[in-house]
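Listed below, chain by chain, are the residues.
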Amino acid sequence: AQPQALSAISGESNSLSLHGRGVFLCISPWNFPLAIFLGQITAALATGNTVIAKPASQTPLIAFRTVELAHAAGIPVDVLQLLPGPSGLLSPVLLNAEALAGVVFTGSTETAASISRTLAARPGARLPLIAETGGLNVMIADSSALPEQLVNDVLASAFTSAGQRCSALRVLWLQEELCEAVLPRLAGALQEWQTGDPANYATDMGPVIDASSRAELEQAATTLAAKARWQAGGNMDGKNGHYLAPRIFLLDRNDLPHSEIFGPLLAIATWKHDELSTVLDWVNRSGYGLTLGVHSRIEGTLNQVQQQAQVGNIYLNRNQIGAVVGCQPFGGEGLSGTGFKAGGPHYLLHFVTERTVTTNLSALGVNTTLIDIDD
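As the structure is a computational prediction, the values presented were derived from the model and not from experiment.

Our focus in this paragraph is the sheet that holds strand β3 (residues 23-27). Across the sheet, which stays open at both edges, the five strands sit in the order β5-β4-β3-β6-β7 with parallel pairing between neighbours. The strands lining the two open edges of the sheet, one partner per strand, are β5 (80-82) and β7 (129-132). Mean inter-strand twist for the sheet, computed between neighbouring axes without regard to direction, equals 15°. Here strand β4 (residues 50-54) runs beside β5; their pairing, made up of three bridges, is parallel. Directly across from V51, in β5, lies its bridge partner L80.

Dropping the structure here:
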């Protein structure tokens, strides 16, 4: 609660307080099965709510151990409950539960839209949905970019964690003058890139999450390859697992993907020196606004991108993954999220409701002229 304030004109006192909403359903993804799972829970608990934690079907064991440790540390069992299981079975019941007061979700844009529709169809009060979803994340490089640095940051952004990060690079817009310097370097770097068992120190990239994901990615790669004007790929040592070598495809801009491909596939399109606004319009029209990388040594270019791009997290002359809680709050806008960023100073306001109380002090017999008013 904030301190009480006094109005000198009306002789009234006003106070504001924040309150937990009730039971929050926390739905977390498989690609950060500890960090996001625990971040959702702690945000809801810290703001006075109770939690039903629904982890991804692929990662229930780490969620179980986390909740077990939380209970051992003193969080009451009645306050934090784990409910693993298939989303198709649990979601209709949980989202329509009478006690539900809010939902926090990290996952695909399509699933977030489905949850939103279900909540909107509920009778009674509108419930908050706090969502961090996918992105068609772009990196823009102009002719002033340093090729070696650009190649390193492209590989890190597109292929770290096998491209299974919501922040991962999906589309590289490369100024035409850079192609001769950058494309051979990308191809050469991928030839050194090894996909295989993460326990092997020589491995650069491990498997994708499961067979279903690999099949979808292989189909996407086939579609992109059929349209590509140039392509490159990495090596794959992995055999007994869901492995997929990283691939890069140079495409005409009309053939670029329009939605997120969640894996180690990168599309490239080229732009002319006077088309920066056109590229930024493409980014904004996509509807996604999670991460955007820019490689340029021209201050005007960097300023224009920051002013025109409708993106939650912009990274200048570095990779575009690995936001640090506290100094780089993370979250998107548009199709990529619902607002205040996780790790930021305003995130917890999602989880509370605000109440004010105004008291007429004169009606209580208080002589307000005797009260000091603190400006």
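On we go.
Here we come to the packing of helix α8 (residues 276-285) against helix α9 (residues 299-308). In the contact formed by α8 and α9, the axes pass within 10 Å of each other and the chain directions differ by 30°. Taken together, the axes of α8 and α9 are roughly parallel relative to one another. Both α8 and α9 take part in a crossing whose hand is right-handed. Between α8, through L276, S277, L280, D281 and N284, and α9, the contact on the second element is made entirely by T301, Q304, V305 and Q308. Classifying every residue of the contact of α8 with α9 by side-chain character gives three nonpolar, five polar and one charged.

The mixed open sheet is built from seven strands, whose spatial order is β11-β13-β14-β9-β8-β16-β17. Each edge of the open sheet is held by one strand with a lone partner, namely β11 (230-233) and β17 (313-316). On average, adjacent strands in this sheet sit at an angle of 15° to one another, irrespective of strand direction. Two elements, strand β9 (residues 171-175) and strand β14 (residues 265-271), share five bridges in a ladder whose sense is parallel. When the sheet's bridge partners are listed, L172 is paired in β14 with I268. The sheet strands contacting helix α6 (residues 179-191) are β9, β11, β13 (247-250) and β14, and the helix crosses β11 at an angle near 30°. Lying on the sheet, α8 is in contact with β8 (138-141), β9 and β14; it crosses β8 at an angle near 175°.

Criteria and cut-off values
Residues numbered from 1 in each chain as written. Predicted model: local features only at pLDDT ≥ 70, side-chain atom pairs only at ≥ 80, totals over all residues. Heavy atoms only, no water. Pairing = 2+ DSSP bridges. Helix = DSSP H or I, 4+ residues; strand = E, 2+ residues; numbered from the N terminus. Axes fitted to C-alpha atoms, helices over the stretch in contact; angles between N-to-C directions. Parallel < 35°, antiparallel > 145°, perpendicular 65-115°, else oblique. Left-handed = near helix turned anticlockwise from the far one by under 90°. Contact = heavy atoms within 4.5 Å. Nonpolar A, V, L, I, M, F, W, Y, C, P; charged D, E, K, R; others polar.

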